[in-house]
Amino acid sequence: MYYYDMGVLRNTLNEIKRQIEGWPYVVHYALKANGNPHLIKEIASSGIGADLVSGGELQAALEAGFKPDEMNFSGVGKTDWEIRLGLSYGIGSFNVESVPELEVINELAGEMDVTANVAIRVNPDIDAHTHKYITTGTAENKFGINLESLDDVVKKAIQLPNIHLKGLHFHIGSQITEMKPFVMLCDTVNALIDSYEQQGVHFEMMNVGGGLGIDYSSPDQHPLPDFKPYFDTFKNRLKLRPGQMLHFELGRAIVGMCGSLISRVVFVKQNRDKKFVILDAGMTDLIRPALYEARHEIQNLTSDNEKVELYDVVGPVCESSDTFARDCRLPLTRRGDLIAIRAAGAYGESMASTYNMRRLPGSVFAGE
Ligand SMILES: *Cc1c(COP(=O)(O)O)cnc(C)c1O
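Just so we're clear, the structure is a prediction, and the values are computed from it rather than from any experiment.

Scoring rules and cut-offs
- Residues numbered from 1 in each chain as written.
- Predicted model: local features only at pLDDT ≥ 70, side-chain atom pairs only at ≥ 80, totals over all residues.
- Heavy atoms only, no water.
- Salt bridge = Lys/Arg side-chain N within 4 Å of Asp/Glu carboxyl O.
- Helix = DSSP H or I, 4+ residues; strand = E, 2+ residues; numbered from the N terminus.
- Buried < 20%, exposed > 50% of the residue type's maximum accessible area, 1.4 Å probe, protein only.
- Patch = residues over 30% accessible without salt bridge, like charges linked within 9 Å, V, L, I, M, F, W, Y side chains within 5 Å.
- Areas by Shrake-Rupley, 256 points an atom, 1.4 Å probe, with all protein chains shown as cover.
- Contact = heavy atoms within 4.5 Å.
- Polar contact = N/O pair within 3.5 Å; in protein donor to acceptor, adjacent residues only side chain to side chain.
- 1 Å grid on protein atoms, 1.4 Å probe; cavity = no way out; pocket = protein on both sides within 12 Å on 5 of 7 lines; lining within 4 Å.
- Points joined across faces, edges and corners; volume = space filled by probe spheres on them.
- Nonpolar A, V, L, I, M, F, W, Y, C, P; charged D, E, K, R; others polar.

### Points about the pattern of salt bridges
The full count for this structure, using the stated rule, is 16 salt bridges. Here E97 makes a salt bridge to R121, at a shortest N to O gap of 2.9 Å. In this pair, E97 sits in the loop between strand 5 (93-96) and helix 5 (99-112) while R121 sits in strand 6 (residues 116-123), placing the two residues 24 residues apart along the sequence. Each member of the pair, E97 as well as R121, carries the same accessibility label: buried. In this structure, E309 engages K275 in a salt bridge whose closest nitrogen and oxygen atoms are separated by 2.9 Å. Of this pair, E309 sits in strand 14 (residues 308-314) while K275 sits in strand 12 (residues 274-279), and the two are 34 residues apart along the sequence. Within this structure, D194, E197 and R241 form a network of salt bridges that share partners.

Right, dumping it as structure tokens:
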């Protein structure tokens, strides 16, 4: 099961609010990091907006109490029903990723006799120095519109009758812990604001996406992400125009630290010179280690044995990648012990599957 510490979540939300107070900044929560209804209700009640990537997320966000005009809808493959759903609620912005998408949104908005709020997602060709599966802002990946084509797309968006172009959108990757990529992003945004202003185009908002990382190795010592250097980077470097709003879309940084996956040891097994701790949780419950070679802090909650051993901690699923950690230092561990896999609140429960016909993990909440 997933265990969520609502105190950690609330501290995180309060810290974000503290950091952006007095600035023309709006923070959205990227629901794909964790769509657990209880969590997103708490996040919605804190007054931040929602970043969506599907019609299902839009419905979940409405049920949780997010306001439609504070919703952004991202994603390279929005289908017609999803676009219509967004239009029918008058969402804050579609983050448009291609010319065909722009044309379809215009057409569907025309049929419904409404105007679609749009931001154009730019691919700024910035390497976020993160795992290759979670870098999204370099020229070779599928997201956004390349800088060379941007002028044409902006002109087109301005001309289309049922499109209201609000601004530009960027999202360069995830689990970014150095500020350098965000500094580069600010420079790109500044250059684009300048260049469009010279052409007489004034944007009412800029959206710099999400991507701020968390400290997976020390969840207890460092439970809050480094929000201050992150927001300071934008405060110091980005030159917004009067009246212009800056939007952020954070996922992992909001929910990552509040969740742990709790699992029971099914067997401890010795193979030649390796010891394995085999859990009842597997990659179906938390796929990040298998998918991104991610490392999570692992703790034995029931053993405080002074003898420490090295174990490979694995799940029961029939895949070799179903491994949470290799050579993990744990106190002497036995069948029946409870194991916590920490900092698993983001991209954990939301990526769970029923592969091997396993049941989905449950969830419990502490600190209500
Ligand atoms: C996933 C995603 C986010 C959130 O990313 P995090 O790394 O979890 O902060 C923000 N914006 C868009 C467009 C996304 O796809």
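### Looking at a nonpolar patch on the surface
A cluster of nonpolar side chains, namely M1, Y3 and V364, defines an oily patch on the protein surface of about 240 Å² accessible area. Residue placement: M1 occurs in the segment before strand 1 (2-5). Accessibility expressed as a relative area gives 42% for M1, which makes it partly exposed.

### Here's the deal with helix 2 (residues 37-45)
For helix 2, the complete set of buried residues consists of L39, I40, E42, I43 and A44. Packed against the buried residues of helix 2 are strand 1, helix 1 (6-20), strand 2 (25-30), helix 3 (55-64), helix 9 (252-255) and strand 17 (363-366). The N-cap of helix 2, judged by a side-chain oxygen 3.0 Å from the amide nitrogen of H38 a few residues on, is N36.

### Some words on empty space enclosed by the protein
What the rule picks out here adds up to one cavity of 30 Å³ or more. Here the largest cavity defines a volume of roughly 40 Å³. I193, Y196, E197, V201, H202, F203, R241 and Q244 are the residues that line the largest cavity. Its residues assigned to classes, the lining of the largest cavity comprises four nonpolar, two polar and two charged.

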